[in-house]
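Given next are the chains, with one letter for each unit.
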2 protein chains.
Amino acid sequence: MTTNALDAAETPRLLLDAARMQANCVRMRDRVRALGPRFRPHVKTAKSLDVTRAMLGAPTGPITVSTLREADTFASHGFTDITYAVGITPNKLAHARALVARGIDLTLILDSVEAARAVRDAVAGDARAPQVLIEIDTDDHRAGVRPDDPALLAIAAVLADGPARLQGVLTHAGGAYDCRGDDALRAMAEQERAGAVHAAQRLRAAGHAAPVVSVGSTPTALFARDLGGVTEVRAGVYVFFDLVMAGLGVCAADDIALSVETTVVGHRAEKGWTLVDAGWMALSRDRGTAGQPVDQGYGLVCDARGRPLDGFIVVAANQEHGTIAHRSGDPTRRLDLPVGAVLRILPNHACATAAQFDRYHVLDAQGAVAAQWPRFGGW
Amino acid sequence: MTTNALDAAETPRLLLDAARMQANCVRMRDRVRALGPRFRPHVKTAKSLDVTRAMLGAPTGPITVSTLREADTFASHGFTDITYAVGITPNKLAHARALVARGIDLTLILDSVEAARAVRDAVAGDARAPQVLIEIDTDDHRAGVRPDDPALLAIAAVLADGPARLQGVLTHAGGAYDCRGDDALRAMAEQERAGAVHAAQRLRAAGHAAPVVSVGSTPTALFARDLGGVTEVRAGVYVFFDLVMAGLGVCAADDIALSVETTVVGHRAEKGWTLVDAGWMALSRDRGTAGQPVDQGYGLVCDARGRPLDGFIVVAANQEHGTIAHRSGDPTRRLDLPVGAVLRILPNHACATAAQFDRYHVLDAQGAVAAQWPRFGGW
């Protein structure tokens, strides 16, 4: 086991294995290319220009964002084709219009006549207006109108009556995170595709052009066998992967590109505990594997080179303390490491863990820190 | 119900009710003054100069920090008496020594002979050295040596052999968070006091001066009836309070000074859901009330003025979406609010929710935003 005990940098730090990230990026791009639609990566996982460029394999390109802060930041760096994939609220329309006014091809989503009217009325006098996709609920897990809901056509009728350009539909089968097994994931991908395509066909039958059919999540993008009728795929967390994705069978643990570097603070030998300096402030409070067949606690423990230490997880987290123990609960199975030894923790949920840091320490093929890439947060 | 539907600022935002915060500060200062020890507030909850000054009721003063980043920031603003209350690791000693070299009275904690040797050896040639407290475990919940552990004297002997000045002991009865009822909280406060005092007495009996006996947590500071032998009390989360503290009976819901302002994005009427733009990125993933008698989900829902909407909680959270429903699960009991209506969410855990934001929007007595106070993060 490699622990770099004495000469390590201050911890906790967020490490990014560049080779794994690049392999994840190539895998997804190849997969989407094989399926046919264009690819619009979601930048919300990484919130990093460097990572987004790796996702696109290009300096700029179409992106999906989860906040208008992300839209602002990427717009300031030459990205012009941006879909804000959270239902728009009236208090964000001034901000959205400012992005459009500076030349951004901004696409908004919404799922109600109320929101459609708010957008229509807000942009009524504008020279350029945002594009709009109607959010479709294909998995019953969150927002959107059902593909066969009469509201779909009512929303479209409101938008047809103003300058905001209705472009089609968008769906996100986040329910894929609850699937168990490859067959369930394939079925969810097909359900997502079919629901979105059906909704778009209803719009077209009612006289709307609806050229865009946007679908996506990391599991459904990787498990879809056919995306007939879909024009665009979105996905984000694949760039790093995480234990939730590994638990779903979407990746292997050694595809996970992100980890938190941490240092042993002390021990409680009689309990089998090793205390480290990565608490929930570093790992996040995400417990996304709690509902999976293998509960990884607050993260899976690896040595300083990133090799999993079989069976050891972070069983508890305070703000700046993590408690490592064997998943069996057997206190005689404990890590026997000196104070100062370095470990890495693989995250449950890359989006949540990355959000706890302001930068990535990027590792080269030798495991050395080759760069620091900034990330941003906020709204 | 006040919802400020149309003219609201962009959300999510972190709101801080200044009057409640000031009342919480006065309550704690009065309580500690009545008990006798000096007060050393913990800045880790707020990570804000403005909030810390309110805690102290003074421009500077003794503080507790959870990261050396906090120590750096406060040291740059005139704070000179700083206790870093997480066990020191060897890779942070250069940083700690730099703080001491710039004139900070920095106190470190540790709980092993290994760590004591690392500190002793690192500072061996320094003109000024940090002070050291030995961490005592008084509640069996995390780090520290037990008050009667032989290791206590072995650690002290290592420190006596070098320039790092052993000052005494420090304990944190975080186990108080698991107490149920006032009697249990009072008993935990006494257990924390007695254990720390006993450890200090053992050090003194062995010939060490040990002038400092530092204890504290918000629950034990407020429920202690006597702090005989204690010289210093630490507490932090009381400045904002939160639903975990309210669930413990340490505060009332209307003492909670922190909330997340959010906007209605849409509805799923058949499920009783109201979807809002505060997801886990705003609320954090903290589920600290999950183990309490009243589980508050991801937070308790209030109207735009902060008045609780009885029975409504955030039942699910995605990155930028929160799902509000009635805690009964009855879909006919739903909020009937337009898209764009504004709500506030009281947090489970103020430390975790505040950490998701880079500033506080400070409300005056009329509920208007009177100031923005920055906060920082990182290590």
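Bear in mind that the values here come from a model prediction, so they are computed numbers and not experimental data.

### Details of the overall build of chain A
No. 1: Scanning chain A from N- to C-terminus turns up 11 helices and 17 strands.
No. 2: Per-residue burial for chain A yields a buried fraction of 59% across its 379 residues.
No. 3: If you take every contact in chain A between residues at least 6 apart in sequence, the share linking residues at least 24 apart comes to 67%.

### A closer look at the nonpolar core
No. 1: Counting 261 residues, the largest nonpolar core has A:V119, A:V169, A:F241, B:V119, B:V169 and B:F241 as the members making the most contacts within it.
No. 2: When neighbours within four sequence positions are excluded, A:F241 is seen to be in contact with A:N24, A:A246, A:C251, A:D255, A:I256, A:A257 and A:A350.

### What to know about the interface of chain A and chain B
No. 1: On the chain B side, the residues contacting the 47 residues of chain A number 47 residues.
No. 2: Listing elements by their share of the side of chain A that touches chain B, those giving two or more residues are α5 (113–122), β10 (258–268), α10 (280–283) and α11 (350–354) of chain A.
No. 3: A class-by-class count of the residues in the side of chain A that touches chain B yields 19 nonpolar, 17 polar and 11 charged.

### Side note on the relation of the copies chain A and chain B
No. 1: Overlay of chain A on chain B (RMSD 0.0 Å): rotation 180 degrees, translation along the axis 0.0 Å. Such a combination of turn and shift is consistent with a two-fold rotation axis. When C-alpha distances to the rotation axis are compared across chain A, the minimum falls at A:R285, with a value of 2.5 Å.
No. 2: Mapped onto chain B, 100% of the interface residues of chain A are again interface residues, and the two copies thus contact each other with one and the same surface.

### So, the sheet that holds strand β9 (residues 232–233) of chain A
All names here are of chain A.
No. 1: Strand order in the open sheet made by the 8 strands is β2-β9-β8-β7-β6-β5-β4-β3, with parallel pairing throughout. A strand with exactly one partner marks an edge of an open sheet, and here the two such strands are β2 (38–39) and β3 (63–65).
No. 2: In terms of strand pairing, strand β8 (residues 212–215) meets β9 through 2 bridges, oriented parallel. Directly across from S214, in β9, lies its bridge partner E232.
No. 3: Sheet contacts for helix α6 (residues 151–160): β6 (131–136) and β7 (165–171); angle to β6, the most-contacted strand, approximately 170 degrees.

### Points about the sheet that holds strand β8 (residues 212–215) of chain B
All names here are of chain B.
No. 1: On the basis of which strands lie adjacent, the open sheet formed by 8 strands has the order β2-β9-β8-β7-β6-β5-β4-β3 and parallel pairing. Two strands lie at the open edges of the sheet, namely β2 (38–39) and β3 (63–65), each paired on one side alone.
No. 2: Sheet topology note: the strand β4 (residues 81–84)/strand β5 (residues 105–110) ladder contains 4 bridges and is parallel. In the strand pairing of β5, Y84 is matched with L108.
No. 3: Packed on one face of the sheet, helix α7 (residues 182–205) meets β6 (131–136), β7 (165–171) and β8 and runs near 160 degrees to β7.

### Comments concerning the confidence of the model for chain A
Residues and elements named next belong to chain A.
No. 1: Confidence in the prediction for chain A averages 96 pLDDT; 98% of positions are at 70 or higher.
No. 2: Predicted confidence is poor over residues 1–6, with pLDDT under 50, and the contacts of this stretch with residues over four places away or in other chains come to 17 contacts.
No. 3: Confidence metrics for the complex model read pTM 0.97 and ipTM 0.97.

### What about the environment of A:L110?
All names here are of chain A.
No. 1: Note that L110 resides in strand β5 (residues 105–110).
No. 2: Considered as a pair, L110 and S328 are 218 residues apart in the sequence and their alpha carbons are 47 Å apart.
No. 3: If near-sequence neighbours (up to four positions away) are discounted, L110 is found in contact with G87, I88, A115, A116, V119, V132, I134 and E135.

### Some thoughts on the packing of α5(A) against α6(A)
Residues and elements named next belong to chain A.
No. 1: As a packed pair, α5 and α6 sit with axes 9 Å apart at the nearest point and diverge in direction by 10 degrees. Between α5 and α6, the interaxial angle falls into the category roughly parallel. Of the residues in α6, those in contact with V113, A116, R117 and R120 of α5 are A151, A154, I155, V158 and L159.
No. 2: In the contact of α5 with α6, the residues fall into 7 nonpolar, no polar and 2 charged.

### A closer look at the pairing of β5(A)
Within a regular beta strand, the side chains point alternately toward one face of the sheet and then the other, so they alternate between its two faces.
Residue and element names in this part refer to chain A.
No. 1: Along β5, 5 of the 6 residues are buried, which leaves the element largely enclosed by surrounding structure.
No. 2: Summarising the sheet, strand β4 (residues 81–84) and β5 pair through 3 bridges and their orientation is parallel. Residue T83 lies in a different strand from β5, and its bridge partner there is T107.
No. 3: Following the backbone out of β4, through helix α4 (residues 93–101) and into the adjacent parallel β5, one traces a crossover that is right-handed.
No. 4: Relative to β6, β5 runs parallel, the two sharing 4 bridges.

### Section: unusual backbone geometry
Residue and element names in this part refer to chain A.
No. 1: In the segment running from T11 into P12, the intervening peptide bond is cis, with an omega of 0 degrees.
No. 2: As for its placement among the helices and strands, P12 is situated in the segment before β1 (13–17).
No. 3: Positive phi outside glycine occurs at F241, with the angle close to 55 degrees.
No. 4: Relative to the elements of secondary structure, F241 occurs in the loop between β9 and α9 (243–248).

### Concerning α6(A)
All names here are of chain A.
No. 1: Every buried residue of α6 is listed here: L152, I155, A156, V158 and L159. Around the axis of α6, the buried residues are gathered within 155 degrees of arc, so they sit on the same side.
No. 2: Looking at the buried positions of α6, the neighbouring elements they touch are α5, β6, β7 and α7 (182–205).

### A word on the pairing of strand β17 (residues 369–374) of chain B
Residues and elements named next belong to chain B.
No. 1: Relative to β17, strand β16 (residues 359–363) runs antiparallel, the two sharing 5 bridges. By the bridge assignment, V362 is partnered in β17 with A371.
No. 2: Counting the residues in the hairpin turn of β16 and β17 gives 5 residues, including G367, whose phi is positive at 85 degrees.

### Quick look at the environment of A:V169
Residues and elements named next belong to chain A.
No. 1: For V169, the location among the structural elements is in strand β7.
No. 2: Sequence separation between V169 and G195 is 26 residues; the distance between their C-alpha atoms is 10.0 Å.
No. 3: Those residues within four positions of V169 in sequence are excluded, and the remaining contacts are L133, I134, I136, A196, A199, A200, A210 and V213.

### Some thoughts on the domain arrangement of chain A
All names here are of chain A.
No. 1: Along its sequence, chain A is organised into domain 1 (19–239) and domain 2 (250–374).
No. 2: Each of domain 1 and domain 2 was reduced to a C-alpha centroid, and the two centroids are 33 Å apart.
No. 3: Contacts between the two partners involve 14 residues from domain 1 and, on the opposite side, 10 residues from domain 2.
No. 4: Put simply, the parts of the chain that give the side of domain 1 that touches domain 2 at least two residues each are α1 (18–35), α2 (49–56) and α8 (218–223).
No. 5: The leading source of residues in the side of domain 1 that touches domain 2 is α1, at 4 residues.
No. 6: Looking at side-chain class alone, the side of domain 1 that touches domain 2 contains 7 nonpolar, 4 polar and 3 charged residues.

Reading the values: the criteria
Residues numbered from 1 in each chain as written. Chains lettered and ligands numbered in written order. Predicted model: local features only at pLDDT ≥ 70, side-chain atom pairs only at ≥ 80, totals over all residues. Helix = DSSP H or I, 4+ residues; strand = E, 2+ residues; numbered from the N terminus. Buried ≥ 20, exposed ≤ 12 C-beta atoms within 10 Å, placed from the backbone. Contact = placed C-beta atoms within 7 Å. Core = buried A, V, L, I, M, F, W, Y, C linked by C-beta atoms within 7 Å. Nonpolar A, V, L, I, M, F, W, Y, C, P; charged D, E, K, R; others polar. Least-squares fit on C-alpha atoms with pLDDT ≥ 70 in both. Pairing = 2+ DSSP bridges. Axes fitted to C-alpha atoms, helices over the stretch in contact; angles between N-to-C directions. pLDDT = per-residue confidence, 0-100. Parallel < 35°, antiparallel > 145°, perpendicular 65-115°, else oblique. Right-handed = clockwise from strand over helix to strand, strands pointing away. Arc of directions from axis to C-beta. Domains from an automatic or database assignment.

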